[in-house]
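# Structure at a glance
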Amino acid sequence: MERRSIAPRPDWQRIVEEQGLIYPLTRYPDNSLRPYWDESAYYSFSLAEVEALEEVVEELHRMCLAAAAHIVDTDRFADLGITDPRLTSLVAEAWQRRAELPSLYGRFDLHYDGTAPAKMLEYNADTPTSLVEAASAQWFWMEDRFPGADQWNSLHERLVAAWKAQAPLLPPGPPLYFAHSAADEAGEDLMTVAYLRETAHQAGLATEAISMEDIGWDSLSGRFVDKQLRFIRSCFKLYPWEWLTTDRFSSHALDTLDNGGGTGTTLWIEPAWKMLLSNKALLAILWELYPDHPNLLPTYLDGPRELAATSGYVAKPLLGREGAGVTIHEPGQPPALRDEPCCFQALAPLPVFEGNRVVLGAWVVGAESAGLGIRESAGLITDEYARFIPHIIP
């Protein structure tokens, strides 16, 4: 794994925007615009390195599924902050019927420096983003700049194949809706959902676009409807389950949840059991089940334990995105005082390449490793100001 500088392509911003990356720039607090898509550098990996990382990712995914089974079988929902008996029952049912429910993708965030074993930082298996840049923009960049090279990137092909394979699980007849939130001013949700809708279209599915804010509730029929009052029978949403189950329509969502077998009226993708994998309590449960695993970091739910005096630790809210609410505590510092449930993970400062802190986003489609996206940040926490850097396998 090496970081190498390179001159950006002339007119790179127009190029990536035409390829679907509609926010190639990030607005900073001083109102300046700086590249989010940053092709002034790239990372180079050996094929052997990538093959080893693929095995790690697929093993971690299997371990996460085993941890999900453990949560359901031993009723550990309270550790995830899921205490509503009705919701726990629906999530458990979704888990037991997961073979009947379409499920598409997830993204592991990994600590990796090219020498030591990769370490799992977290798993977003419900609403992962940075997909368009990983699947599309960096592939076209590679074809322009390194046409003889390869890339850890079969995302597009695997997504299309996943839709084809899971099409029989969708309700027949009505289109599959693809929902984004209009509240996302940056356009990341819209871009990601539009790309996933295109992969479904290439798989031969009938689709329809909608915003979450335009989904209505028909009280006469007891169903979710679009603006033309058509029933929404199935819907891919880039809208977290923790929001869907707590907002003002949550009771309707639970009342009409299709957990497979046509038991309700709306089939949501990702399915409800993904709540088990996108909650950071999973990190502590994994450490319980696989202590001292080379690809895990020590993580606890009841406090930092020995980490406070040894490695230091990171306190992470059980639910959150882009580093929100994450705090870093060096060894010997006073314990973190938190008003919200969180996990305490051993501090593993991100590897530094030429002054940039790096995190690998390793994608899974179905149960198979599918690609890599790399983000760089200036600080210890990968936040909304991180930059996306392409990669190659020479």
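Each value, and the rule that gives it
- Residues numbered from 1 in each chain as written.
- Predicted model: local features only at pLDDT ≥ 70, side-chain atom pairs only at ≥ 80, totals over all residues.
- Heavy atoms only, no water.
- 1 Å grid on protein atoms, 1.4 Å probe; cavity = no way out; pocket = protein on both sides within 12 Å on 5 of 7 lines; lining within 4 Å.
- Points joined across faces, edges and corners; volume = space filled by probe spheres on them.
- Helix = DSSP H or I, 4+ residues; strand = E, 2+ residues; numbered from the N terminus.
- Contact = heavy atoms within 4.5 Å.
- Buried < 20%, exposed > 50% of the residue type's maximum accessible area, 1.4 Å probe, protein only.
- Pairing = 2+ DSSP bridges.
- Polar contact = N/O pair within 3.5 Å; in protein donor to acceptor, adjacent residues only side chain to side chain.
- Salt bridge = Lys/Arg side-chain N within 4 Å of Asp/Glu carboxyl O.

Moving on: the layout of surface pockets. Here the second largest pocket is characterised by a volume of approximately 300 Å³. If you trace the second largest pocket, you find 18 residues lining it, with G81, I82, E242, M275 and L319 closest to the centre.

On to the environment of N259, then. Looking at where N259 falls in the secondary structure, it is placed in the loop between α8 (250-255) and β12 (267-269). Beyond its immediate sequence surroundings of up to four residues, N259 is in contact with L90, E93, A94, R97 and L101.

Of the two faces of strand β11 (residues 234-237), both are covered, the one formed by S234 and F236 as well as the one formed by C235 and K237. Here strand β7 (residues 176-180) pairs with β11 via four bridges, running parallel. Bridge pairing in β11 places L176 opposite S234. Note that β11 and β12 share three bridges and pair parallel. When the bridges of β12 are listed, C235 appears paired with W268.

Tracing the backbone through its elements, the reader meets H111 in strand β5 (residues 105-111). A polar contact is formed between the side chain of H111 and the backbone oxygen of P349, at a distance of 2.9 Å.

Counted according to the given criterion, the structure contains 25 salt bridges. In this structure, E39 engages R9 in a salt bridge whose closest nitrogen and oxygen atoms are separated by 2.7 Å. Of this pair, E39 sits in the loop between β3 (33-35) and β4 (41-44) while R9 is found in the loop between β1 (2-5) and α1 (12-18), placing the two residues 30 residues apart along the sequence. The pair E39 / R9 is uniform in exposure class, with both members buried. Where R107 meets D109, a salt bridge forms, and the shortest distance between an N and an O atom there is 3.0 Å. Owing to a relative accessible area of 8%, R107 belongs among the buried residues under this scheme. Connected through salt bridges with shared partners, the residues R3, D38, E354, E376 and R387 form a single ionic network.

What follows concerns the sheet that holds strand β21 (residues 391-392). The three strands are arranged β1-β4-β21 in an open sheet whose pairing can be described as mixed. At either end of the open sheet lies a strand with only one pairing partner, and these are β1 and β21. One ladder, built from four bridges, connects β1 with β4; its direction is antiparallel. If you follow R4 over to β4, its bridge partner there is Y42.

Once that is clear, we can look at the sheet that holds strand β14 (residues 313-317). Read across the sheet, four strands follow the order β13-β16-β14-β15 without closing on themselves; strand pairing throughout is antiparallel. Looking along the sheet, the strands with just one partner apiece sit at the ends: β13 (299-300) and β15 (327-329). Across three bridges, the pairing between β14 and β15 is antiparallel. Bridge pairing links A315 to T327 in β15.

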